[in-house]
Amino acid sequence: MEPDAHAATEPLDTLDPLPLDGITVVAVEQAVSAPFATRQLADLGARVIKVERPDGGDFARGYDTAAHGLASHFVWANRGKESIALDLKDPRGREVLHRLLDGADVFVQNLAQGAAARLGLDSAALCARYPRLVAVDVSGYGPEGPYAHKRAYDMLVQCEAGLVSVTGTPERPVKAGVPAADIAAAMYAFSGVLAALLRRGTTGRGGRVEVSMLDALAEWMGHPLHHTMHGGQQPVRTGLAHAVIAPYDAYPTADGDRVLLSVQNDREWRRLAEQVLERPELADDPGFATNAARTANREKTDAVVADALGRLGAAEAIGRLEEAGLACARLNSVAQLAAHPQLAARDRWREVGSPAGPLRALLPPIGLPGGAAPHMGAVPALGEHTEALLSALGMTGEQVTALRRDGVVR
């Protein structure tokens, strides 16, 4: 699919450029947190040069083979980038990196704690050498403190941040089904870069940006954190239910789907009883008429709702609930998300290139109406752009061959 096939209908010369056109990002990154941050920058027009190890590259390339032989995490977080394979432990590899940094605006790294400093690539060292550079350190727990050198995989940070303790059922805590700590850190790194670039436009100086996965996810825990600190009690795990509202849960339908509904007040309960449950007497029944009563009698409330919805197909149940003006949703599978009619109606799908051929991908969530279409470039093969980047730095074919022969580049 051509990049401009879904662009706005205005003539191309009247479209606003992507906001990060002309910005170059160099990233020594792996896994999810830093790659997902730099993918946001690439979507907004930045040139992102991804530096990978010659012996396998970003280890997320090997997580699985679900995306036509490629790793699903890697496909998701790395479109639109150029890949250069450099051995940064070799002085010649670091020299190449610094030549790339000479023309860069942003550097992002999420190496293991201390590794960047040993290579001279921590934000403090780089900002001293390149005053206009925005240098981003993404870590698990931050650069100091007793946890600074602790391994920080997403699930571990979810546990340390207390997210797992408030997720799941009363009987069993569970981790989030997406890498919440990685994503949180990525989005704060992304917004931190934008803020630092904005400041540079005023001061002429780049500067350091520090983001840790724990700090990011602790911020996302704001509601249960403040509830516990100031209320004295941690919110209970309720699965899909709500601790103080009933009915509020997902209920099975006759065709095997599940429909989630939420009744926010007693007027809505009356509409549910009369128009969906077809039991108008429950509107004034003292055991159900108020939210306090329904919550106290949650099992009976849920049984009444489940009995009624269990006789309907999901589409009919959703139709009745919407007609009654009640909040509802399907409990979709991931496959159902991929086929979601709202995404299709809003033309949210595109195709991006990859070493395995075209792959479906969602447009980025940030819309810029009246501007150029988001940059949704191909997912790179390991070292796909090494030779072109080295040539652009002025290296001769003989020099590139020597580096490749010695394993410094791939």
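Just so we're clear, the structure is a prediction, and the values are computed from it rather than from any experiment. (Residues numbered from 1 in each chain as written. Predicted model: local features only at pLDDT ≥ 70, side-chain atom pairs only at ≥ 80, totals over all residues. Heavy atoms only, no water.)

Regarding the sheet that holds strand E6 (residues 207–212)
Part 1 of the argument: Strand order in the open sheet formed by six strands is E3-E2-E1-E4-E5-E6, and the pairing between neighbours is parallel. Here the strands that pair on one side only, and so sit at the sheet edges, are strand E3 (81–85) and E6. Across the sheet, the axes of successive neighbouring strands diverge by a mean angle of 20 degrees, strand direction being ignored.
Part 2 of the argument: Pairing analysis gives six bridges linking strand E5 (residues 134–139) to E6, with the strands arranged parallel. Directly across from Val-136, in E6, lies its bridge partner Val-209.
Part 3 of the argument: Across the face of the sheet, helix H3 (residues 91–102) comes into contact with strand E1 (24–28), strand E2 (47–52), E3 and strand E4 (106–109) while running at roughly 155 degrees to E1.
Part 4 of the argument: Packing of helix H7 (residues 180–203) onto the sheet brings it into contact with E4, E5 and E6, and relative to E6 it is tilted by some 165 degrees. (Pairing = 2+ DSSP bridges. Helix = DSSP H or I, 4+ residues; strand = E, 2+ residues; numbered from the N terminus. Axes fitted to C-alpha atoms, helices over the stretch in contact; angles between N-to-C directions. Contact = heavy atoms within 4.5 Å.)

Comments concerning the confidence of the model for the chain
Part 1 of the argument: The pLDDT averaged across the chain works out to 95; a share of 97% of its residues lies at or above 70.
Part 2 of the argument: In this model residues 1–5 is a low-confidence stretch, pLDDT under 50, and it forms four contacts with partners more than four residues away in sequence or in other chains. (pLDDT = per-residue confidence, 0-100.)

Some details on the sheet that holds strand E7 (residues 248–252)
Part 1 of the argument: Strand order in the open sheet formed by three strands is E7-E8-E9, and the pairing between neighbours is antiparallel. At either margin of the open sheet sits one strand with a lone partner, and together these are E7 and strand E9 (327–330). For this sheet the average axis-to-axis angle between neighbouring strands, irrespective of direction, equals 20 degrees.
Part 2 of the argument: Inspection of the sheet shows E7 paired to strand E8 (residues 258–262) by five bridges, in the antiparallel sense. Within E8, the residue paired with Pro-252 across the bridge is Arg-258.

A short note on the nonpolar core
Part 1 of the argument: Core analysis: the largest hydrophobic core is formed by 41 residues, its most contacted members being Val-25, Val-106, Val-108 and Val-136.
Part 2 of the argument: When residues of this core are traced back to their parent elements, those giving at least two are E1, helix H1 (33–43), E4, E5, H7, E6 and helix H8 (213–220).
Part 3 of the argument: In terms of residue count, the dominant contributor to this core is H7 (11 residues).
Part 4 of the argument: Dropping the residues within four chain positions of it, Val-108 is found in contact with Val-25, Val-26, Ala-27, Val-28, Ala-34, Thr-38, Val-136 and Val-138.
Part 5 of the argument: If you look at the next biggest cluster of nonpolar residues, it comprises 27 residues, including Leu-86, Leu-88, Val-96 and Leu-97. (Core = buried A, V, L, I, M, F, W, Y, C linked by side-chain atoms within 4.5 Å. Buried < 20%, exposed > 50% of the residue type's maximum accessible area, 1.4 Å probe, protein only.)

Observations regarding the pattern of salt bridges
Part 1 of the argument: In the structure shown here, the tally under the stated rule is 23 salt bridges.
Part 2 of the argument: A salt bridge links Asp-43 to Arg-39; the nearest nitrogen and oxygen atoms lie 3.0 Å apart. With Asp-43 and Arg-39 both in helix H1 and four residues apart, this pair spans about one turn of that helix.
Part 3 of the argument: The class of Asp-43 is buried, set by a relative accessible area of 2%.
Part 4 of the argument: Taking relative accessible area as the criterion, Arg-39 reaches 5% and is therefore assigned buried.
Part 5 of the argument: In this structure, a network of salt bridges that share partners links the residues Glu-29, Lys-50, Asp-58 and Lys-81. (Salt bridge = Lys/Arg side-chain N within 4 Å of Asp/Glu carboxyl O.)

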